Amino acid sequence: MPMWLQALWWGFVGGAALLLGAFVAWRWRIPPKAISTIMAFGAGVLISALAFELVDEAADGGGLLPTVSGFLTGAVIFVAANAVLARKGARHRKRSNGRQKSESEQPGSGTAIAVGALLDGVPESLVLGLGLVTAGAVSPAMLVAVFISNVPEGLSSSAGMKQAGRSAAYVFGVWSVIAVLSGVSAAAGFLLLDGAPDGLIAFITALAAGAILAMLSDSMIPEAFENDHMLTGLTTALGFAVAFTVHSLGG
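Residues numbered from 1 in each chain as written. Predicted model: local features only at pLDDT ≥ 70, side-chain atom pairs only at ≥ 80, totals over all residues. Heavy atoms only, no water.

*Asks:* Explain the overall build of the protein chain to me, using residue names and the numbers behind them.
*Replies:* For the protein chain, the helix and strand inventory stands at eight helices and zero strands. Its helices and strands taken in sequence order, the protein chain reads α-α-α-α-α-α-α-α from the N to the C terminus. Counting every position in the protein chain, which comprises 251 residues, the buried fraction comes to 47%. Look at the contacts in the protein chain between residues 6 or more apart in sequence, and 85% of them connect residues 24 or more apart. Of the roughly 10800 Å² that the protein chain leaves accessible, carbon and sulfur atoms contribute 70%. (Helix = DSSP H or I, 4+ residues; strand = E, 2+ residues; numbered from the N terminus. Buried < 20%, exposed > 50% of the residue type's maximum accessible area, 1.4 Å probe, protein only. Contact = heavy atoms within 4.5 Å. Areas by Shrake-Rupley, 256 points an atom, 1.4 Å probe, with all protein chains shown as cover.)

The following block contains the structure:
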């Protein structure tokens, strides 16, 4: 199978986890504390992945300066784009507690939420394609991290969409499109950067990591602590430990 097609496939697999989470949220009513616990676990997984799979390897491969500059650039880009989308009604797109705006409350919020969901997913997919550039194979640890974290993202966000009165066609349509575009993003990451200088690859990898951390801070972590209970911090640490274990065994 051509490498770009492998990137397309694995990007789609990671994005399809959003559909799995959406199905669970649509089929069953998940207690708010359970959603917070699942989101905390997913946040811990992503924190570990961006630290060990992305930033550390970017610095080793391309140096400190491209890594740090890329990381900060990614965070700035995400925060700026997120601020624009928040004003359009997508501020609470990952919230499950009824804070999402309905279309009647804020016209255009449905489009903003869809674009915001895409903004959240592209950096994760991009680095799956980059793994094929740098290592010749998708990182199992990164793939597991993306899949595990996307399930609670899809679950929480879809629960909020349902409470806001959005239809099943809208919810599953959004996640289906994003799953496909996740595959396209992974393939683009491979095709555009195959043979690129190490410094540029490090910059782009770290850029994705910075965007992921900003997304975690702006959306996943607040949702994880929305219904605070004593095990939230422990659950986040458990997610980190699981992802680090997968990384260590894969290495």
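*Asks:* Any details on the UniProt feature "transmembrane region" (unreviewed entry) in the protein chain? Residues and values, ideally.
*Replies:* UniProt annotation of "transmembrane region" (unreviewed entry) refers to residues 6-26, 33-52, 64-85, 126-148, 168-193, 200-217 and 229-249 when read in the numbering used here. The span residues 126-148 is 83% helical and 0% strand by assignment, and the distance between its end C-alpha atoms comes to 17 Å. (UniProt positions renumbered as here; feature names shortened; annotations may be inferred.)

*Asks:* Before we move on, can you summarise the packing of aromatic side chains with the specific residues and values?
*Replies:* A complete count under the given rule lists six aromatic pairs for this structure. With a centroid separation of 6.2 Å and an interplanar angle of 35 degrees, the aromatic rings of Trp-9 and Phe-12 are classed as tilted. Remark: Phe-12 and Trp-9 occur in helix α1 (residues 3-27); sequence separation between them is three residues, near one turn of the helix. Since its relative accessible area comes to 46%, Trp-9 is described here as partly exposed. Pairwise contacts between aromatic rings join Trp-9, Trp-10 and Phe-12 into one cluster. Note that Lys-162 overlies the ring of Trp-26, its terminal NZ or CZ placed 5.2 Å from the centroid. We note Arg-166 situated over the ring of Tyr-170; from NZ or CZ to the ring centre the distance is 5.4 Å. (Phe/Tyr/Trp six-rings, centres within 6.5 Å; stacked < 30°, edge-to-face > 60°. Lys NZ or Arg CZ within 6 Å of the ring centre and 35° of its normal.)

*Asks:* Describe the side chain of Thr-232, listing the residues and the values that go with them.
*Replies:* Following the sequence through the fold, Thr-232 ends up in helix α8 (residues 232-250). For Thr-232, the contacting residues outside a window of four places in its chain are Ala-40, Ala-224 and Phe-225.

*Asks:* Talk me through helix α5 (residues 140-163); I want residue IDs and the actual numbers.
*Replies:* Here α5 is 24 residues long and its end C-alpha atoms lie 35 Å apart, about the 34 Å a rise of 1.5 Å per residue gives. With 18 of 24 residues buried, α5 lies mostly within the body of the structure. Where α5 begins, the side chain of Ser-139 points an oxygen toward the backbone nitrogen of Met-142, at a separation of 3.2 Å. A positive phi of about 90 degrees marks Gly-165, the residue just after α5. (Expected span 1.5 Å × (residues − 1). Polar contact = N/O pair within 3.5 Å; in protein donor to acceptor, adjacent residues only side chain to side chain.)

*Asks:* A description of the packing of helix α2 (residues 32-62) against helix α7 (residues 198-224) should follow, citing residues and the corresponding values.
*Replies:* Remark: α2 packs on α7, axes separated minimally by 9 Å, with the N-to-C direction vectors making an angle of 165 degrees. Considering their axes alone, α2 and α7 lie roughly antiparallel with respect to each other. In this structure, α2 meets α7 at a crossing whose hand is left-handed. (Axes fitted to C-alpha atoms, helices over the stretch in contact; angles between N-to-C directions. Parallel < 35°, antiparallel > 145°, perpendicular 65-115°, else oblique. Left-handed = near helix turned anticlockwise from the far one by under 90°.)

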